[in-house]
Amino acid sequence: MTNEVIIEIKNLKKYFPVTSGLVRRKKIAELKAVDDVSFAIHKGETLGLVGESGCGKTTLGKCVLQLYRATSGEVWFSGVDLCKLSNKKLRPLRRNLQLIFQDPFDSLDPRFTASDIIGEPMRIHNMQHTPEYRRRIDELIQLVGLSPNMADRYPHEFSGGQRQRIGIARALALQPGFIVCDEPISALDVSIQAQIINLLDDLGDKFGIAFLFISHDLAVVRHISDRVAVMYLGKIMEIADRDSLYDSPLHPYTQALLSAVPIPDPIVEIKRKVIILSGEVPSPINPPSGCVFHTRCFKAFGECPKTIPQLVDVGVGHQVACLLYQGPPAKPK
Amino acid sequence: MSDAPLLDVRDLSVNFHTQDGIVRAVDGVSYNVSRGETIALVGESGCGKTVSALSILRLIPDPPGKIVSGQTLFDGQDLLSLPANRMEDIRGDRIAMIFQEPLTSLDPVLTIGRQITEALERHRDMHGHVAMEEAIRLLKLVGIPQPDQRVKDYPHQFSGGMRQRAMIALAISCEPELIIADEPTTVVDVTIQAQLLELIRSITERLNTALILITHNLGIVARYARRVYVMYAGHIVEHGSALDIYQRPYHPYTKGLLASVPRLDEPRKIRLQPVEGQPPDLIQLPKGCAFGPRCAGCTDGCRESSPPLIEIAPGHFAACS
């Protein structure tokens with residue numbers, strides 16, 4: 001890992017219009033899926049992004065890759081702001097930006113063979129006539145731990161873990177510098193998950209790929225990430241180095257998330273105190289005022305519904321958006 | 001707690017007939033649960049944990065499924081030999097079920113209130129206002145805000161966590177003696193998962209209800225189950241107290257599973273230790289031990305015949321030679 005930034009996101013916002021009316025669609029509200037998010041990922045670094053469903057983590061990943069066009073904000077990659085580029089100008093850059101999907105069943109075309117699927121990115125970039133094409137496919141198949149005689153099989157002939165390996169090979173085909181992994185293991189069996197995590201780990205090290213690793217599994221994110229960001233209702237609540245975040249979580253939401261994860265050991269579990277958050281995640285259409293987490297926070301105080309906390313650095317790159325850590329006047333009850 | 005278990009499943013086998021051949025989804029499985037006790041059936045998709053629990057309620061679609069052998073003794077009575085109408089008396093009344101996906105298991109065209117009153121009418125002889133009052137009380141009990149309003153809502157008007165709460169209200173409406181919870185929190189988030197599991201725990205403790213928890217999540221099992229059955233390819237490969245299973249796992253599959261998951265309470269490992277290989281194809285199971293092809297200690301004996309469950313310590317059984 002170097003200090004060179006590969007991709008930088010500045011004040012990214014993605015609002016979806018909420019419409020009503022069948023014929024004349026009127027915009028009645030906005031769903032703030034991603035609301036003013038900024039961070040940078042360094043070369044070869046893995047940034048874990050955790051949060052509950054609907055917090056905007058997938059939307060954020062898609063905005064970074066320009067699969068969604070952001071409402072506002074900037075995404076800087078190799079010296080240009082991707083948000084300002086036309087689709088045509090984006091295309092040559094896309095080979096450096098890849099995506100690994102959650103569901104290895106829906107994300108592979110059932111009518112393509114494994115080698116067709118893995119070769120598709122190269123065909124899109126008109127590389128199928130080069131002598132390398134076939135050789136590269138064979139190389140990729142072996143790289144992800146499949147055997148070469150599987151190249152001409154169709155997706156349904158593979159197990160879930162093997163299918164995810166095909167998806168990974170496809171993402172690697174054009175030697176990208178940055179890959180978004182959107183819940184890459186949550187559809188897999190427990191005994192297979194570790195295989196895929198190790199594979200991603202190895203490939204990241206070998207090729208110096210930077211990952212944005214989106215997941216709701218906090219233990220897996222801790223294993224694979226160098227830094228971790230916690231998202232809630234479209235905003236980043238806390239972002240820090242892995243060890244700093246897991247060893248001393250500052251934001252009450254991060255603390256609750258970590259304590260909610262059961263540990264596979266009954267002796268540990270008996271002694272553990274779990275923070276049970278009340279209520280559910282509010283709607284992103286009409287998020288709470290002030291700190292969006294205050295309706296469920298066990299440390300909320302008078303100021304929380306009034307003031308929006310900013311993400312502030314509390315030392316060694318540990319940033320947290322909570323009024324408890326924002327200077328002298330705030331005091332918890 | 002009396003000595004005889006509330007539910008005693010003996011040597012249950014369930015086959016599914018498919019175009020490609022017969023799937024032995026559950027093959028000679030025995031387990032039991034006492035009053036007030038929580039047990040867990042753990043395993044990966046396709047290991048037979050759901051089928052072995054659905055068989056208790058005779059909810060296996062036939063065809064293609066068929067219970068080919070075994071007994072399910074509930075309070076001394078074999079449910080598999082009961083006539084259909086007697087089974088209906090028990091289902092939802094003395095044994096209730098919490099399904100994984102409440103959106104598909106609740107009826108979309110009935111209000112939440114109606115679904116609960118339906119059960120109350122059928123099993124508790126409550127009608128009209130009385131039943132509706134009871135439904136509101138139950139929704140309040142499971143923590144649904146404004147239950148007198150929400151009782152008129154349809155399932156799609158509830159969020160995922162709320163639907164699962166409604167499902168729990170429905171399950172406990174007749175104060176069952178046994179609740180079967182099939183992956184009750186797999187589709188909800190961790191903070192909601194913690195809420196729901198605590199709710200289920202407090203209810204089963206208060207009503208002294210037995211609970212069969214079906215899950216693939218080893219953490220949930222460690223937090224809630226007293227005894228654990230580990231399943232692989234239609235067989236129980238190991239069972240014992242939660243302490244036995246987690247502290248002294250014996251079967252290579254149990255060991256492999258426990259070693260493969262990263263733990264938040266331990267120092268971060270440089271590398272995870274996966275269980276190598278692929279899950280078995282249930283139509284073409286290998287001869288002998290189904291885990292053999294993925295096992296480092298597989299011997300010629302294992303390949304020849306499947307090792308039986310042996311008591312390796314008091315109350316701790318494993319099927320490995």
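The preceding data block contains the structure.
This structure is a prediction, so every number in the text was calculated from the model and none was measured. (Residues numbered from 1 in each chain as written. Chains lettered and ligands numbered in written order. Predicted model: local features only at pLDDT ≥ 70, side-chain atom pairs only at ≥ 80, totals over all residues.)

A. Seen up close, the overall build of chain B. Scanning chain B from terminus to terminus reveals 12 helices and 12 strands. The C-alpha radius of gyration of chain B comes to 20 Å, within 12% of the 20 Å expected for a compact globule of 321 residues. C-alpha extents for chain B along the principal axes are approximately 70 × 50 × 45 Å. For chain B, buried positions account for 49% of its 321 residues. Restricting the contact set of chain B to residue pairs at least 6 apart, pairs at least 24 apart contribute 63%. (Helix = DSSP H or I, 4+ residues; strand = E, 2+ residues; numbered from the N terminus. Rg over C-alpha atoms; globule rule 2.2 N^0.38 Å. Buried ≥ 20, exposed ≤ 12 C-beta atoms within 10 Å, placed from the backbone. Contact = placed C-beta atoms within 7 Å.)

B. Focus on the pairing of strand E3 (residues 38-42) of chain B. Residues and elements named next belong to chain B. Across the 5 residues of E3, 5 count as buried, placing the element largely inside the fold. Here E3 shows no split at all, with Thr 38, Ala 40 and Val 42 on one side and Ile 39 and Leu 41 on the other all buried. Where E3 lies against strand E9 (residues 227-232), 4 bridges are found, and the strand directions are parallel. Paired with Val 42 across the bridge in E9 is Val 230. (Pairing = 2+ DSSP bridges.)

C. Molecular detail of helix H9 (residues 252-260) of chain A. Among the residues of H9(A), those classed as buried are A:Pro252, A:Tyr253, A:Thr254, A:Ala256, A:Leu257 and A:Ala260. Looking at the buried residues of H9(A), the elements they touch are helix H7 (218-224), strand E9 (227-232), strand E10 (235-241) and helix H8 (242-247) of chain A together with helix H8 (190-207) of chain B.

D. Representation of the sheet that holds strand E5 (residues 80-81) of chain A in the model. Residue and element names in this part refer to chain A. Read across the sheet, 4 strands follow the order E2-E1-E4-E5 without closing on themselves; strand pairing throughout is antiparallel. Of all strands in the sheet, those with a lone pairing partner are strand E2 (26-42) and E5, marking the two edges. Alignment of strand E1 (residues 5-20) against strand E4 (residues 72-77), held across 5 bridges, turns out to be antiparallel. Each residue of the ladder has a partner; that of Ile 7, found in E4, is Phe 77.

E. Summary view of the interface of chain B and chain A. On the side of chain A, 34 residues touch chain B, which itself brings 38 residues to the contact. Contributing elements (two or more residues each) for the side of chain B that touches chain A: H8, helix H9 (218-224), helix H10 (242-247) and helix H11 (252-260) of chain B. It is H8(B) that provides the largest number of residues to the side of chain B that touches chain A, a total of 7 residues. Residues that form the side of chain B that touches chain A fall into these classes: 18 nonpolar, 12 polar and 8 charged. (Nonpolar A, V, L, I, M, F, W, Y, C, P; charged D, E, K, R; others polar.)

F. Summary view of the nonpolar core. Among the nonpolar cores identified, the biggest contains 193 residues, and A:Val230, B:Ala166, B:Ile212, B:Tyr229 and B:Val230 are the most heavily contacted of them. If near-sequence neighbours (up to four positions away) are discounted, A:Val230 is found in contact with A:Val50, A:Gly51, A:Ile236, A:Met237, A:Glu238, A:His251, A:Tyr253, A:Thr254 and A:Leu257. (Core = buried A, V, L, I, M, F, W, Y, C linked by C-beta atoms within 7 Å.)

G. Representation of unusual backbone geometry in the model. The peptide bond linking B:Asp62 to B:Pro63 adopts the cis configuration, its omega dihedral lying at -10°. Positionally, B:Pro63 belongs in the loop between helix H1 (49-54) and strand E4 (65-74). In this structure, the amide linkage connecting B:Pro63 to the following residue, B:Pro64, adopts the cis form with an omega of 5°. Tracing the sequence through the fold places B:Pro64 in the loop between H1 and E4. Although it is not a glycine, A:Leu233 sits at a positive phi angle of roughly 45°. Tracing the chain through its elements places A:Leu233 in the loop between E9 and E10. Even without a glycine there, the phi angle at A:Val316 is positive, about 40°. Relative to the assigned elements, A:Val316 resides in the loop between strand E11 (312-313) and strand E12 (319-320). Among the residues examined, A:Val316 registers 8 C-beta atoms within 10 Å and is labelled exposed.

H. Layout of the environment of B:Ser241. All names here are of chain B. On the secondary structure map, Ser 241 appears in strand E10 (residues 235-241). Here Ser 241 falls in the partly exposed class, since 18 other C-beta atoms lie within 10 Å of it. In this structure, the C-alpha to C-alpha distance between Ser 241 and Ile 39, residues 202 residues apart in sequence, is 9.1 Å. Excluding its chain neighbours within four sequence positions, the residues that come into contact with Ser 241 are Arg 226, Arg 227 and Gly 315.

I. A look at the pairing of strand E7 (residues 178-182) of chain B. Residues and elements named next belong to chain B. A large share of E7 lies buried, amounting to 5 of its 5 residues. The two faces of E7 match: Leu 178, Ile 180 and Asp 182 on one face and Ile 179 and Ala 181 on the other face are all buried. Where E7 lies against strand E8 (residues 210-215), 5 bridges are found, and the strand directions are parallel. Paired with Asp 182 across the strands is Ile 214, a residue of E8. Note on the crossover from E7 through H8 to E8: the handedness is right-handed. (Right-handed = clockwise from strand over helix to strand, strands pointing away.)

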